[in-house]
Structures are given as C-alpha cells and as structure tokens.
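Here's the letter readout for the chains.
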Amino acid sequence: MSKPVILTVDDDPEVLNAVERDLRNHFRTDYRVVKSSSGAQALEAVRQLQERGAQVALFLVDERMPQMTGTQFLVEAIKLYPDARRVLLTAYADTETAITAINRIGLDHYLLKPWEPPSERLYPVLDDLLSDWFARARPAFDGIRVAGSALSPASYAVKDFLASNQVPYQWLDMENDATVRELLGGASGFATHLPIVFFPDGATLVQPTARELAEKLGMQTRAQKPFYDLIVVGGGPAGLAAAVYGASEGLRTILVERSAPGGQAGTSSRIENYLGFPGGVSGADLARRAATQARRFGAELITAQEAVALKREDPYRRVTLTDGSELSSYAILIAPGMEVRRLEAEGLDAFVGAGVFYGAALAEAATYRGQDVVIVGGANSAGQGAMFFSRHARKVTMLVRGSHLSDGMSHYLVDRIAEAPNVTVQTNTAVAGARGNGRLETVVVTDTVTGERRELAASAMFIFIGTAPRTALCADLVLRDDQGFILTGRDVMADGQRPSGWTANRDPFPFETSVPGIFCAGDARAGSGKRVASAVGEGSATVSMIHQYLQTV
Ligand SMILES: Cc1cc2nc3c(=O)[nH]c(=O)nc-3n(C[C@H](O)[C@H](O)[C@H](O)COP(=O)(O)OP(=O)(O)OC[C@H]3O[C@@H](n4cnc5c(N)ncnc54)[C@H](O)[C@@H]3O)c2cc1C
C-alpha cells in the first residue's frame, strides 16, 4: 500500500517550496508530500488521489489565495477525504478567519506564518494531528473481524468494548450479508452463539467477555508489581489525570478500569469547552492521549477489571478485582465517576442492545445510517448525541420531558440543534414504552401536560437521562451523601469532629474521604464540578495531597 499523502497548497512559490522542504525533511519516511500552487489545481489533485484509492492524511493550506481561499478549498476537499486533518496557514490578521473555519469546516489547527523553527512550531502540531488521523483511519481489515447480529446485545457488548478501547475491527453483519452467514455456517454450531471474533492469527473467540478480549488483544489485565504507592480506581479524566501526575512525580501508580480509559468523556463525540482545544476534541482522542501519557510516565493501566471491594488494613489499603486478585498500596484514589440512569418504560429492557442504547453508543452510527432515531433527554449529552447522530441518521427526534430544551443545555448546542435540518425536538414528552419484533420499531410516548399517548416509528433510541455516582463498591467504607456521592475534606467532619474510625492526628486533607489515605476525585465526589476540566483538576490536585499523606505512613 502506498504512503498516505500530506497535501500542501500555497499560491506563493517561495512559501510553497519552503513548506514542502520542511514537510519532506520530517515526514518523508511515512508520508508522501504533494504540493499545489492553487486551490483549483489542488482540488484536481485530490480527485485524482481519490480515483487511485490513495489515502490523504492532512491538508496544510494557505488561507489567502486568489480565486479560492484555503477555507473554500477545504470545504470541497473534505467531502472527498472527511477524515483528513485540516490545517490553515494564516497571517496574524487572519485569526477571525481561522475561528470561522473552525466552525465551518472543523479546522484542526491554524498555523501562524512564519513557522520557524519547524522543530518547535510546525512538527509537534502536525505529529499530533497525524497520530490522531492514524489512530482513526488505519485500515481495519488486517485485524479483527466480528461476526454477529446488529440486534444482539452480546454483539453490541463486544463492538462497544473494541470501539471504546479504539481497537479497529471489521463488522460482519450476519442479518444482511450472505457471505457472513456462509462463514458462520462453516463454523458449525456457532451461529447460535454470536458474536464470533476472528483474529488475524486464526484464533476465534465465541461470545467473549471483555477480559477474554483484552487478554487476547495483549492489553494489560493484571498488576505487574506486588505493591504500589497509589491505586487509582477508574480511568475517566479524574483517574487518568491522577495517574499522569502520580507516575510523573515518581509514585508507583496503577490504574484499574472496568471498561476503557476515557470514562464518560470518552463517549463524547466532541468536547468543545476543554481548555486548549479551540476546535473541540473528541472524547476518544482525549482518552487515547491521556492513557498514552500516563503509560509514558510509567503508570500501569489495567483494563477490563472492575474494583469490587476496598479494604483498610493499616497502614495498607487493598483493592479486590473481579478476578479475585488483590492490589496493595498505601493510598487509593476512588474516581469511578457516574453511571447512566436506567429508563423505566414498558417493554424497553427487552430491546437494550437491539435498538435501545444507553449513552452515545457512537459505534452504532453506521448501523442506523439513513434511518430514523430517537434521542431521549434534554441536557448537554443528549444534545451532543443528537448532533452526532444527525450526521448519519435520516431523522433525529429528541424527546424532552421539560418544556424547553435550553433548560439544561449549553447555548451553542441549542443553536446547533435549531439549525440542523433533520433534528426535531418534542418537548413535554416522556417515553412510556417500546415495541418491536426482535428489534425496536416503535417508541410509545406520553404528553406530560395532556397525558395523551402516541407512537413514533424509530429504529434506534439513545437514552441520556442523567447519571448517578458509581460508588456502591465503597458504600460500607467511606461516608457518602444521600445520593451516593462520596464526601471528602471538610464535608466528612460533623460539628468540627473527625469521622469515626479516623486515626490520623490531623483533619482530612481536601479530597480525602472519611478513611485516611483513601481519596476521591471527579464526578463521584460530592460537590464536584461535573466537567472534564474539573475532573482533571481534581485528579491532579489530589496527587499533592497523596504526597503529604505518604509522608505520614
Ligand atoms: C456524552 C457526554 C458528553 C459530555 N460532554 C462534556 C463536555 O463537552 N464538556 C465537559 O466538560 N464535560 C462533559 N461531560 C461530562 C464529563 O465527561 C464528566 O464530568 C467527566 O468524564 C467526569 O470524569 P470522572 O473521571 O470523574 O468520571 P467518568 O468519566 O465517569 O469515569 C469514571 C471511570 O471509572 C470507571 N469505573 C467505575 N467504577 C469502576 C470500578 N469499580 N472499577 C474500575 N473502573 C471503574 C468507569 O468505567 C469510567 O471509565 C460529558 C459527559 C457525557 C456522558
């Protein structure tokens, strides 16, 4: 297969040659650099590349060109190469243009001229974007194939595990593909036990658990050391931040994640308010970067293992995992975040994984391309979900119990939903039931004002009705509030008294629970900010409290 292309466009021959030279110097081993001196010529080149089946990884385009601006070129070019990264070269005065381009074409970066020295101002940005592109666009078919039914919850669980861990796979749908049925027929008796996962080495796994998949994929599922300074429970933004700071500051750190690094943030199609990403960042990208960073500093990340119990055996703290193994340390950070609330409606549970999904289930977008889908909920995550599915589905209907969408949603999302031609919002509407024959076909809804019931045809329903803290594992050990959020710092003191069982000769540190040496950060903590940035801030701030604690044990 030929190398992916970096295409650069500039009407100034001197600048064009300089960009080409710098790009070749750094990227020529892995990429082919193609240059064009106008938008029109570049579009022709893009069409030819597509005809030849070439991959384009990145466009680096001057904004100010006669006839066709860089933004106008990118509008057309990304129709042919939607995954390619987009960078504009601008002068200082063009910052406004760049911001417009972020909104119009999802610009990834704008580089200010001149970019000297390239080792500081050009290569780090492009390396980063190309690694994002590579993570998403590399061909999947030299890897894993998952054969199953789009309507089977077990198939969905396998696809969800692979997708959230960003493992590329080819989906073979036995409902719609005769070749797949033949393939499965060959694997005698298997068809009743879907899905089957085929690995490139010839191995197969039938209805595998997440841990079996993780082990087969070479992910770490067991601790390597007998003892740690810090065990982090949960690999969302709070846990990942603690792992990065803990390991980078010399603590023997292990993070335990039941599913995939990234947590709730990892399921977000685009986080737009995280500092330093003016064009937004997908939750998957953020998770991948954070996990890489934590590992680079020496933290161990074990996945597909749930912490099921925490123990205090002074001065040690212990965590029991699903496979019965035990981790030991001096300190624990609990960062389990939130789990989605279940929707109570007649007949709905039968369709979970067969048309009904909790959360964004981004990997399902392709399955429901061109069909009608329903989004339940009226807050930010529902809005992001609606915008994401509007790019794939024929029609998206948002069902909102309240009278206004804007009650629980950021303004920018309300505006985008209003502008999206295939998204409609039904307010004062609650889900009463779900019907179908083996798959979701009809959603029954009730008008919350008049009580009137009606039916909506829908192939899929994505539910975003809020969350509750996932703190049952430490219910008997640390103090929680009446909603299950974990109390920390001054909140564990009652009338100035330290909590019962408190042995340290000091008050609890900020983020410390009612048990010395056990800390909590992120969404599961009472009073936390419920945002990516606050979870990251809390996770990293906790590490300095942990250092202070470690000096006392
Ligand atoms: C769809 C969606 C979109 C969002 N968009 C934005 C946004 O645009 N901007 C913003 O600022 N915020 C956004 N948020 C909120 C943000 O994602 C959360 O505030 C943030 O992820 C909280 O981080 P956390 O680390 O505390 O918990 P979580 O992200 O919930 O992560 C907790 C992790 O712990 C793991 N875990 C739980 N229990 C255990 C256990 N016992 N053992 C092992 N692992 C365990 C879970 O699997 C999970 O991976 C969004 C949330 C959602 C759901």
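In case you missed it, the structure is sitting above this.
Report on the accompanying structure.

Conventions used here
- Residues numbered from 1 in each chain as written.
- Predicted model: local features only at pLDDT ≥ 70, side-chain atom pairs only at ≥ 80, totals over all residues.
- Heavy atoms only, no water.
- Phe/Tyr/Trp six-rings, centres within 6.5 Å; stacked < 30°, edge-to-face > 60°.
- Helix = DSSP H or I, 4+ residues; strand = E, 2+ residues; numbered from the N terminus.
- Buried < 20%, exposed > 50% of the residue type's maximum accessible area, 1.4 Å probe, protein only.
- Lys NZ or Arg CZ within 6 Å of the ring centre and 35° of its normal.
- Axes fitted to C-alpha atoms, helices over the stretch in contact; angles between N-to-C directions.
- Parallel < 35°, antiparallel > 145°, perpendicular 65-115°, else oblique.
- Left-handed = near helix turned anticlockwise from the far one by under 90°.
- Contact = heavy atoms within 4.5 Å.
- Nonpolar A, V, L, I, M, F, W, Y, C, P; charged D, E, K, R; others polar.
- Near = heavy atom within 4 Å.
- Polar contact = N/O pair within 3.5 Å; in protein donor to acceptor, adjacent residues only side chain to side chain.
- Areas by Shrake-Rupley, 256 points an atom, 1.4 Å probe, with all protein chains shown as cover.
- Pairing = 2+ DSSP bridges.
- Core = buried A, V, L, I, M, F, W, Y, C linked by side-chain atoms within 4.5 Å.
- Expected span 1.5 Å × (residues − 1).

A few points about the packing of aromatic side chains
- Tallying each qualifying case throughout the model produces 15 aromatic pairs.
- Taking the centre distance of 5.6 Å and the plane angle of 85° together, the rings of F59 and F73 count as edge-to-face. Residue F59 is located in strand β3 (residues 56-62), and its partner F73 is located in helix α3 (residues 70-80); the two are separated by 14 residues in the primary sequence. Here the two residues F59 and F73 agree in accessibility, since each one is buried.
- What links up through ring pairs into an aromatic cluster is the set Y156, F357, Y368, F388, F389 and F462.
- Over the aromatic face of F199 sits the side chain of K216, whose NZ or CZ is 5.3 Å from the ring centroid.
- Cation over ring: R506 sits above F509, and NZ or CZ is 3.9 Å from the ring centre.

What to know about the packing of helix α1 (residues 13-27) against helix α6 (residues 123-137)
- Contact pair α1 / α6: the axes reach a minimum separation of 12 Å and the direction vectors enclose 60°. With respect to α6, the element α1 is oriented oblique. The two elements α1 and α6 cross, and the hand of that crossing is right-handed. On α6, the residues touching D22, L23, N25, H26 and F27 of α1 are Y123, L126, D127 and L130.
- Partitioned by chemical class, the residues of the contact of α1 with α6 number five nonpolar, two polar and two charged.

Digging into the site of the ligand
- Lining the immediate environment of the ligand, one finds 34 residues, of which A238, E257, Q264, N273 and D523 sit closest.
- In the model, an oxygen atom of the ligand is placed 3.5 Å from a nitrogen or oxygen of the G263 main chain.
- A distance of 2.8 Å separates an oxygen atom of the ligand from a polar atom in the backbone of D523.
- Coverage of the ligand by the protein amounts to 92% of the 1000 Å² it exposes when considered alone.
- Broken down by secondary-structure element, the contributors of at least two residues to the shell around the ligand are α10 (237-248), α11 (263-266), α13 (380-390) and α15 (532-550).
- In terms of residues, the shell around the ligand owes the most to one element, α11, which gives three residues.
- Tallied by class, residues from the shell around the ligand come to 14 nonpolar, 13 polar and seven charged.

Considering the sheet that holds strand β23 (residues 453-457)
- Read across the open sheet, the three strands follow the order β21-β22-β23; overall the sheet is antiparallel. Each having just a single partner strand, β21 (429-435) and β23 make up the two edges of the open sheet. Direction aside, the axes of adjacent strands within the sheet are offset by 30° on average.
- As paired strands, β21 and strand β22 (residues 442-447) are joined by six bridges and run antiparallel to one another. Along β22, the bridge assignment pairs A430 with T446.

Things to note about the sheet that holds strand β24 (residues 460-463)
- The parallel open sheet is built from five strands, whose spatial order is β17-β24-β18-β19-β20. Both outer strands of the open sheet, β17 (356-358) and β20 (423-426), are each paired with one neighbouring strand and no more. Each strand of the sheet is rotated relative to its neighbour by a mean of 20°, with strand direction disregarded.
- Relative to β20, strand β19 (residues 395-399) runs parallel, the two sharing four bridges. Across the sheet, V396 pairs through a bridge with V423, a residue of β20.

Thoughts on the nonpolar core
- Core analysis: the largest hydrophobic core is formed by 28 residues, its most contacted members being L230, L301, L333, F519 and I546.
- When contributions to this core are tallied by element, the ones reaching two or more residues are β10 (228-233), α10, α12 (283-296), β15 (326-334) and α15.
- The residues contacting L333, other than those within four sequence positions of it, are L230, I231, V232, V233, A238, A242, F519, C520, A521 and T542.
- Membership of the second largest hydrophobic core comes to 27 residues, among which are F59, V61, I78 and L107.

A short note on helix α7 (residues 153-164)
- For α7, built from twelve residues, the straight-helix expectation of 16 Å at 1.5 Å per residue is met to within 8% by its first-to-last C-alpha distance of 16 Å.
- The complete set of buried residues in α7 reads S155, Y156, V158, K159, F161 and L162.
- Contacts from the buried residues of α7 go to β6 (144-148), β7 (169-173), β8 (196-198), α9 (210-216) and β17.
- One or two steps after α7, the chain reaches Q166, where phi turns positive at roughly 55°.

Some words on the packing of α6 against α12
- Closest axis-to-axis distance for the α6/α12 pair is 11 Å, and the angle between their directions is 110°. Put simply, α6 runs roughly perpendicular to α12. Judged by the sense of rotation from one axis to the other, the crossing of α6 with α12 is right-handed. Residues D128, S131, D132, A135 and R136 of α6 lie in contact with α12, whose contacting residues are D285, R288 and R289.

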